[in-house]
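Residue-level listing of the chains:
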Amino acid sequence: MLSISHALTGAFIASKLPHPALYIPLTLATHYLEDWIPHWDVGTGLSNGMRKIKTAFLLELIDLAISIVVVYLFWQAGQTKIQYHVWIGAFTSLIPDFLEAPRNFLEWEPFFLKPFNKFHSCFHHSVTNKVLGLTPQIVTVGLILLLK
Ligand SMILES: [Zn+2]
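What you are looking at is a predicted structure, and each value in this text was computed from that prediction instead of being measured.

Structural notes on the overall build of the chain
A tally of helices and strands in the chain yields six helices and zero strands. Starting at the N terminus, the α and β elements of the chain follow one another as α-α-α-α-α-α. Here the C-alpha radius of gyration of the chain, 15 Å, is about what a compact globule of 148 residues would show, namely 15 Å. Taken over the C-alpha atoms alone, the chain extends approximately 45 × 35 × 25 Å along its principal axes. Out of the 148 residues in the chain, the part that is buried amounts to 40%. Excluding contacts between residues fewer than 6 apart, the proportion of contacts in the chain whose partners are at least 24 apart in sequence is 74%. Roughly 8700 Å² of accessible area belongs to the chain as shown, and the carbon and sulfur atoms make up 72% of that amount. The averaged location of the 9 negative side-chain charges in the chain is 4 Å from the averaged location of its 10 positive side-chain charges.

Some words on the nonpolar core
Of all hydrophobic cores here, the largest spans 13 residues; its most connected members are Leu8, Ala11, Val71 and Trp75. Sorting the residues of this core by element identifies helix H1 (3–16), helix H3 (53–76), helix H4 (84–106) and helix H6 (130–147) as the ones contributing at least two each. With sequence-adjacent residues up to four places away left out, alanine 11 is seen in contact with Val71, Trp75, Val86, Gly89 and Ala90.

Re the coordination of the zinc ion
Looking at the zinc ion, the protein donor atoms are His31 (NE2), Asp35 (OD), Asp97 (OD) and His120 (NE2), and they sit 1.9 to 2.2 Å from it. Metal-centred angles of 83 to 172 degrees between the four donor atoms at the zinc ion mark the site as irregular.

A few points about the packing of aromatic side chains
Here the structure, examined in full by the defined rule, presents seven aromatic pairs. When the centroid spacing of 5.3 Å and the interplanar angle of 45 degrees are considered together, the rings of tyrosine 32 and phenylalanine 123 count as tilted. Placement of the pair is tyrosine 32 in helix H2 (residues 20–36) and phenylalanine 123 in helix H5 (residues 114–123), with a sequence separation of 91 residues. With centroids separated by 5.0 Å and ring planes inclined at 65 degrees, the aromatic side chains of phenylalanine 119 and phenylalanine 123 adopt a geometry described as edge-to-face. Linking phenylalanine 119 with phenylalanine 123, this pair stays in helix H5, spanning four residues, or about one helical turn. With relative accessibility at 43%, the residue phenylalanine 119 sits in the partly exposed group. Here the aromatic residues Tyr32, Phe119 and Phe123 are joined through ring pairs into a cluster of three or more.

Cut-offs and rules
- Residues numbered from 1 in each chain as written.
- Predicted model: local features only at pLDDT ≥ 70, side-chain atom pairs only at ≥ 80, totals over all residues.
- Heavy atoms only, no water.
- Helix = DSSP H or I, 4+ residues; strand = E, 2+ residues; numbered from the N terminus.
- Rg over C-alpha atoms; globule rule 2.2 N^0.38 Å.
- Buried < 20%, exposed > 50% of the residue type's maximum accessible area, 1.4 Å probe, protein only.
- Contact = heavy atoms within 4.5 Å.
- Areas by Shrake-Rupley, 256 points an atom, 1.4 Å probe, with all protein chains shown as cover.
- Lys, Arg positive; Asp, Glu negative; His and termini not counted.
- Charge placed at Lys NZ, Arg CZ, Asp CG, Glu CD.
- Core = buried A, V, L, I, M, F, W, Y, C linked by side-chain atoms within 4.5 Å.
- Donors = N, O, S within 2.8 Å, 3.2 Å for Na, K, Ca; no water.
- Tetrahedral: all angles 85-135°; square planar, octahedral: opposite > 155°, others 65-115°.
- Phe/Tyr/Trp six-rings, centres within 6.5 Å; stacked < 30°, edge-to-face > 60°.

Listed below in structure tokens is the structure:
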């Protein structure tokens, strides 16, 4: 899924649970669950050459920037203290994609990342149809907005 969906999910989970021992594993598990749902993201089309690496990288930077802004607006704005747990949740929820980034954007996969990326690939179901692929993410973000 898009980083926006993952980051908001991770931030939301962290905002609702009292301890990192609870929300860190849950945000990681949720990443794989969300990727299991057929979806469209900026990496869709990279493996079959339908999308160029440079384009995917630029879209990913935009996706990450929007994620940071939205997490800030939802949980940090107006707070006097840094909401570390929310930022940790958002970051943790993106770790599987960060681990995959060298392979996707540099065409370089260190040996120690291969098992993690192989595990990630087992869950990843992307679709090229944007309407079909964005709908579950819009629903996810909408639910988070309602439940926040
Ligand atoms: Zn992923």
